[in-house]
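Descriptive structure summary
For reference, the chains in residue letters:
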There are 2 protein chains.
Amino acid sequence: MKRKGQTWEFTSRPVILGSAAVVGPDEGKGPLSPDFDYIYDNLEINEKTWEKAERRLLEQASQLAIIKSELTKEQLQFFVGGDLMNQIISSTFAARKLGVPYLGVFGACSTSMESLALAALLVDTGAADYVMAGTVSHNCTAEKQFRYPTEYGSQKPPTAQYTVTGAGCGVLGRSGTGPRVTRATIGKIMDLGIKDPFNMGGAMAPAAADTLRSHFRDTGLTPGYYDLIVTGDLASVGLPITKELLHNEGLNMEETVFDDCGLLIYDREKQKYVNAGGSGCGCSAAVTYSHIMKRMIKGELKKVLVVATGALLSPLSYQQGESIPCIAHAVALEMEG
Amino acid sequence: MKRKGQTWEFTSRPVILGSAAVVGPDEGKGPLSPDFDYIYDNLEINEKTWEKAERRLLEQASQLAIIKSELTKEQLQFFVGGDLMNQIISSTFAARKLGVPYLGVFGACSTSMESLALAALLVDTGAADYVMAGTVSHNCTAEKQFRYPTEYGSQKPPTAQYTVTGAGCGVLGRSGTGPRVTRATIGKIMDLGIKDPFNMGGAMAPAAADTLRSHFRDTGLTPGYYDLIVTGDLASVGLPITKELLHNEGLNMEETVFDDCGLLIYDREKQKYVNAGGSGCGCSAAVTYSHIMKRMIKGELKKVLVVATGALLSPLSYQQGESIPCIAHAVALEMEG
């Protein structure tokens, strides 16, 4: 472990031994469909409440990730997890089922990389041999909690994002084969005063830009070092703003492929109801722990930076007229050889 | 850093360079009154909403902790914080004001020690030079969110606990004088099926017992090693249950002083409205970062184990008939010499 600024360099380069993503029907209709481990054909995920549905996605993704890493849950020392629900109940109930020591974290959609950064830190520093990181979101639990009762069918502006129904988990260990976690940059809160919860991408763009700027400042790398830099989830509104913000500071994102998990997961031409694209901490987790992992293992990608962004509002803070504090955490993944 | 089981031993023994606690009027009337850094005489904390009041407590405690550690906020590398609010907005807004990289955590009332354990891990492993851990709760935000509108004045059974209005923060560094963080045991979820949110102490007792048992198993220590073992917050119902559970497994808590932050913070004879005692992640934080720190610095206590317990329910999980998953994280503090 070496630190510079707000970036950790993991000298032992912890390995993602196994990972899994379990998603709902909308994600199953998107272009990443072949990469997911399991796709439910119903949004209820065969459960009676949206909350039970969400929990089941995480429980299943965690079980699959453990199996795919050829471990048993008894070998896992810690589970670092979180979700968007009040009091992160989905992760907690999944941790109850797992029965391993549990560190609950919250950073809205950035939770996916906050948990992976911490899991890598634990393994890198000898605080654990095996750790699982995982997050989940469900379209209907998020709609119900953050917006309107799901029965309303309320309309949305085109800047709105569509919460992904999906979970992603990764199991980290010290040695083995697979993508390695090489660095993590922990973000600061950025809040430029945006108050519109239907424009999360715009609100989160400055946080993504700040974390990317910090990452390149701390590491001395340039965007071209990575084959892919993927945010999660700025969608169609936030991604170009971030690109412009970085361009204004002399960081040329044309050097790399700069994309967004919220844009990758859906076909916005066919799935018009997703508006600007996907969101939710299940989005970046499901994309990272399936599509990106598979592309890295196949050798299509060698160096990837995942920058998960979170809009840290609550319905109450919004109702009380507060602006939306945002954050982004970046994690670098590299294949050796 | 050495790990055994679910316990971390911090070989560099990070120092709590400075700490502070800011509380409301009820806590100011309790027996620990002389130890707090600032006491508000009004539950509104001079703010217009309960949420702004809660945030102000944390902002103020964090500023005081930084000043008392003789640092500036620019020297802090990370803030690890959390609270009981949906989407931990109090910590997030405080982190926005601080402007330092932020790791949001959630473990209900156990957040106080989850954040301290992670902060100590960061300093011990070189992931940071200076880190602040802090948590907050407010009686009225908690009542409003978890129970009834505060205007109702609803009555409660004697097993109920009273959420503390208070914040506590500690700044950790690698060298200096002050209590040192020597060990941390990360807990597992325990859920024995209790569904009554007015009996949190009873629900959390098995989690406290499990973490204490794990701590002594992993470290080879016995309860008598510590001058004080303090839970936070089992109150009058949970503490004797925990004692009995441990006794049944051969751990004699009579070897030490075994107390609870929720019992220490109020005078239950005079303040009958607190029922079984205090709760909330501000309770164990305010007691630890004021009273316990001061007693350690004075030399009255040399070795203290703080076991923060969390009831990880949400109003929704309760309404849907779920039982209450609980967790406890333990952190050992030691004075040298």
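Relevant structure appears above.
Below is a short write-up of the structure. These figures come from a predicted structure and were not determined experimentally.

Take the overall build of chain A next. The secondary structure content of chain A amounts to ten helices and 15 strands. Against the 2.2 N^0.38 benchmark of 20 Å for 337 residues, chain A shows a C-alpha radius of gyration of 18 Å, consistent with a compact globule. Summarising its shape, the C-alpha atoms of chain A cover approximately 50 × 50 × 35 Å along the three principal directions. Relative to its 337 residues, chain A shows a buried fraction of 66%. Within chain A, contacts between residues at least 6 apart in sequence are counted, and of these 78% link residues at least 24 apart. In the form shown here, chain A has an accessible surface area of approximately 10900 Å², with 50% of it arising from carbon and sulfur atoms.

Let's shift gears to the pattern of salt bridges. For the structure shown, the criterion picks out 42 salt bridges over all chains. For Glu51(B), the salt bridge identified is with Lys144(B), shortest N-O distance 2.8 Å. Of this pair, Glu51(B) sits in helix α2 (residues 50-68) while Lys144(B) sits in helix α5 (residues 139-146), and the two are 93 residues apart along the sequence. The buried category is assigned to Glu51(B), whose relative accessible area is 5%. Sharing partners across several salt bridges, the network here consists of Arg13(A), Arg180(A), Arg183(A), Glu334(A) and Glu336(A).

This part covers the relation of the copies chain A and chain B. Between chain A and chain B, the superposition needs a rotation of 180° and an axial shift of 0.0 Å, giving an RMSD of 0.0 Å. Look at the turn and shift together and you get a two-fold axis relating the two. Closest approach to the rotation axis within chain A is made by the C-alpha atom of Val105(A), at a distance of 2.0 Å.

All names here are of chain A. Look at helix α2 (residues 50-68) against helix α3 (residues 89-98): their axes get within 9 Å of each other, and the N-to-C directions meet at 45°. Judged on the interaxial angle alone, α3 and α2 are oblique. You can see that α2 and α3 cross each other, and the crossing is right-handed. From α2, Glu54, Arg55, Leu58, Glu59, Ser62, Gln63 and Ile66 reach across to α3, where they touch Ser90, Ser91, Phe93, Ala94, Arg96, Lys97 and Leu98. Taken together, the residues that form the contact of α2 with α3 break down as five nonpolar, four polar and five charged.

Rules used throughout
- Residues numbered from 1 in each chain as written.
- Chains lettered and ligands numbered in written order.
- Predicted model: local features only at pLDDT ≥ 70, side-chain atom pairs only at ≥ 80, totals over all residues.
- Heavy atoms only, no water.
- Helix = DSSP H or I, 4+ residues; strand = E, 2+ residues; numbered from the N terminus.
- Rg over C-alpha atoms; globule rule 2.2 N^0.38 Å.
- Buried < 20%, exposed > 50% of the residue type's maximum accessible area, 1.4 Å probe, protein only.
- Contact = heavy atoms within 4.5 Å.
- Areas by Shrake-Rupley, 256 points an atom, 1.4 Å probe, with all protein chains shown as cover.
- Salt bridge = Lys/Arg side-chain N within 4 Å of Asp/Glu carboxyl O.
- Least-squares fit on C-alpha atoms with pLDDT ≥ 70 in both.
- Axes fitted to C-alpha atoms, helices over the stretch in contact; angles between N-to-C directions.
- Parallel < 35°, antiparallel > 145°, perpendicular 65-115°, else oblique.
- Left-handed = near helix turned anticlockwise from the far one by under 90°.
- Nonpolar A, V, L, I, M, F, W, Y, C, P; charged D, E, K, R; others polar.

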